[in-house]
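Next come the chains, spelled out residue by residue.
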Amino acid sequence: MGGTAVTHLEHGVACKQGRARDAVLRPIDGRDELALCETPGGAAGRANALLKRVLVRLGPIDSVSIEHVRALVLGDREQLLFRLNALSFGPSMDVAAMCPNAECGEPLDIDVDLDVLADAASQQDDTSAAPVARLDGRAFAIRPLTGGDLECVAALAAEDPDAAAARLVETCVGEPARSGDGRLRAAVAEGLVAFDRRAETIVHATCPNCGAQAPLLVDAGALVLDRMAGKRRLLREVHIIARAYHWPEADILALPLERRRAYLDLVQDTELEE
Ligand SMILES: [Zn+2]
């Protein structure tokens, strides 16, 4: 933790030299947390805003814009959010779930290795194949979904998830017709995952109580956003460190998270000793 991390994206974004695929991230600091507290909108928009802040470089692009971030396909975005989480908070994270066996219902504590999730499926670099969906023996081109698409349907998804899913199918197919057709939807979903294999991340766990397999869909954006401090906690942490060390607010906010937390622990340990 502390330095930057390079992640090789499966798809990347278009740039003058071809595709920009090597992403350099820096860890989250208090300035990012404060900015995110003041960013309106849903999780998709906030995760995009966070990535824009922490992406130091994307291939030859050294000034990454929000449009570059919005152009990332879902799998690339998941990869970056898992890596950012590991870089900022450490590589292992406990995720709470429930046993899917209705007769058991045991709460599960699943230990997730974030770096493994950021690396998964990278053994094969296959960006040449264009995404297609197949229905009734006919193949047609589809456009892969991006972080920008998620941001566009976020408000609709909060009210009507089904309408948001239909809107995303329209986005992929490029026409409004037949988006309510369940078979078309399934064909598009299959085509998307074949092209963008990391678009959905499923972690497999076994219930220690009944032995049931518990496949858990994890959302990389939600995991990292949940670990960031809200405004009240952030200002409290800054207050405690400022009172002990007399450092300016801006300097404390600029500390990488793990350093800020380490100073906080030291201050609190010292207070206990006194
Ligand atoms: Zn169980």
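Q: Please give an account of the sheet that holds strand β2 (residues 18–25) that cites residues and values.
A: An order of β1-β2-β3 is seen for the three strands of this open sheet, with the pairing classed as antiparallel. With partners counted over all chains shown, the strands left at the sheet margins are β1 (5–15) and β3 (55–58), one partner each. Ignoring strand direction, the axes of neighbouring strands in this sheet form an average angle of 30 degrees. In the packing of helix α4 (residues 74–89) onto the sheet, the strands contacted are β1 and β2, and the crossing angle to β1 comes to about 155 degrees.

Q: Could you give an account of the domain arrangement of the protein, with specific residues and numbers?
A: Domain boundaries assigned for the protein yield domain 1 (5–123 + 200–227), domain 2 (132–195) and domain 3 (231–273). When residues of the side of domain 1 that touches domain 2 are traced back to their parent elements, those giving at least two are α2 (43–54), α3 (66–70) and α4. Counting residues per element, the side of domain 1 that touches domain 2 draws most heavily on α2, which supplies three residues. Counted by class, the side of domain 1 that touches domain 2 contains six nonpolar, four polar and three charged residues.

Q: Tell me about the nonpolar core, and name the residues and values.
A: In terms of nonpolar packing, the biggest core is built from 49 residues, with Leu55, Leu84, Cys172 and Val188 touching the most fellow members. In terms of residue count, α4 provides more of this core than any other element does, eight residues in total. Both domain 1 (5–123 + 200–227) and domain 2 (132–195) contribute no fewer than three residues apiece to this core.

Q: Explain the packing of helix α10 (residues 231–245) against helix α12 (residues 257–273) to me, using residue names and the numbers behind them.
A: Packed helix pairs are characterised by how far apart their axes lie and by the angle those axes make with each other. Contact pair α10 / α12: the axes reach a minimum separation of 10 Å and the direction vectors enclose 60 degrees. The orientation of α10 with respect to α12, classified from their angle, is oblique. At the point where α10 passes α12, the crossing takes the left-handed sense. Counting all contacts with α10, which are made through Glu237, Ile240, Ile241 and Ala244, the residues of α12 involved are Arg260, Tyr263, Leu264 and Val267. In terms of residue class, the contact of α10 with α12 is made up of six nonpolar, no polar and two charged.

Q: Describe in detail α10, supporting the description with residues and values.
A: The first and last C-alpha atoms of α10 sit 21 Å apart over 15 residues, in line with the 21 Å expected at 1.5 Å per residue. Along α10, the residues classified as buried are Glu237, Val238 and Ile241. Each buried residue of α10 lies within a common arc of 100 degrees when the element is viewed along its axis, so the set occupies one face. Exposed residues lying more than 90 degrees from the buried face of α10 are Lys231, Arg232, His239 and Arg243. Here the buried face of α10 lies against α1 (30–37), α11 (249–253) and α12. Two residues or fewer after α10 comes histidine 246, characterised by a positive phi angle close to 60 degrees.

Q: If you had to explain the environment of valine 267 to someone new, which residues and values would you point to?
A: As for its placement among the helices and strands, valine 267 is situated in helix α12. Residue valine 267 is classed as partly exposed on the basis of its 16 C-beta neighbours within 10 Å. For the pair valine 267 and leucine 114, spaced 153 residues apart in the sequence, the C-alpha separation amounts to 29 Å. Discounting residues that sit within four places of it in the chain, valine 267 has contacts with Ile240, Ile241 and Ala244.

Q: So what about the packing of α4 against helix α9 (residues 220–227)? Which residues, and what values?
A: At a minimum axis separation of 8 Å, α4 and α9 run at an interaxial angle of 25 degrees. Compared by their axis directions, α4 and α9 come out roughly parallel. The two elements α4 and α9 meet at a crossing, and its hand is left-handed. Residues Glu78, Leu81, Phe82, Leu84, Asn85 and Phe89 of α4 touch α9, and the partners they reach there are Ala220, Gly221, Leu223, Val224 and Arg227. Classifying every residue of the contact of α4 with α9 by side-chain character gives seven nonpolar, two polar and two charged.

Q: So what about the pairing of strand β6 (residues 132–135)? Which residues, and what values?
A: Pairing between β6 and strand β7 (residues 138–141): four bridges, direction antiparallel. Within β7, the position partnered with alanine 133 by the bridge is phenylalanine 140. Where β6 folds back on β7, the antiparallel hairpin that results is connected by two residues, among which aspartate 136 adopts a positive phi of roughly 55 degrees.

Rules behind the numbers
- Residues numbered from 1 in each chain as written.
- Predicted model: local features only at pLDDT ≥ 70, side-chain atom pairs only at ≥ 80, totals over all residues.
- Pairing = 2+ DSSP bridges.
- Helix = DSSP H or I, 4+ residues; strand = E, 2+ residues; numbered from the N terminus.
- Axes fitted to C-alpha atoms, helices over the stretch in contact; angles between N-to-C directions.
- Contact = placed C-beta atoms within 7 Å.
- Domains from an automatic or database assignment.
- Nonpolar A, V, L, I, M, F, W, Y, C, P; charged D, E, K, R; others polar.
- Core = buried A, V, L, I, M, F, W, Y, C linked by C-beta atoms within 7 Å.
- Buried ≥ 20, exposed ≤ 12 C-beta atoms within 10 Å, placed from the backbone.
- Parallel < 35°, antiparallel > 145°, perpendicular 65-115°, else oblique.
- Left-handed = near helix turned anticlockwise from the far one by under 90°.
- Expected span 1.5 Å × (residues − 1).
- Arc of directions from axis to C-beta.

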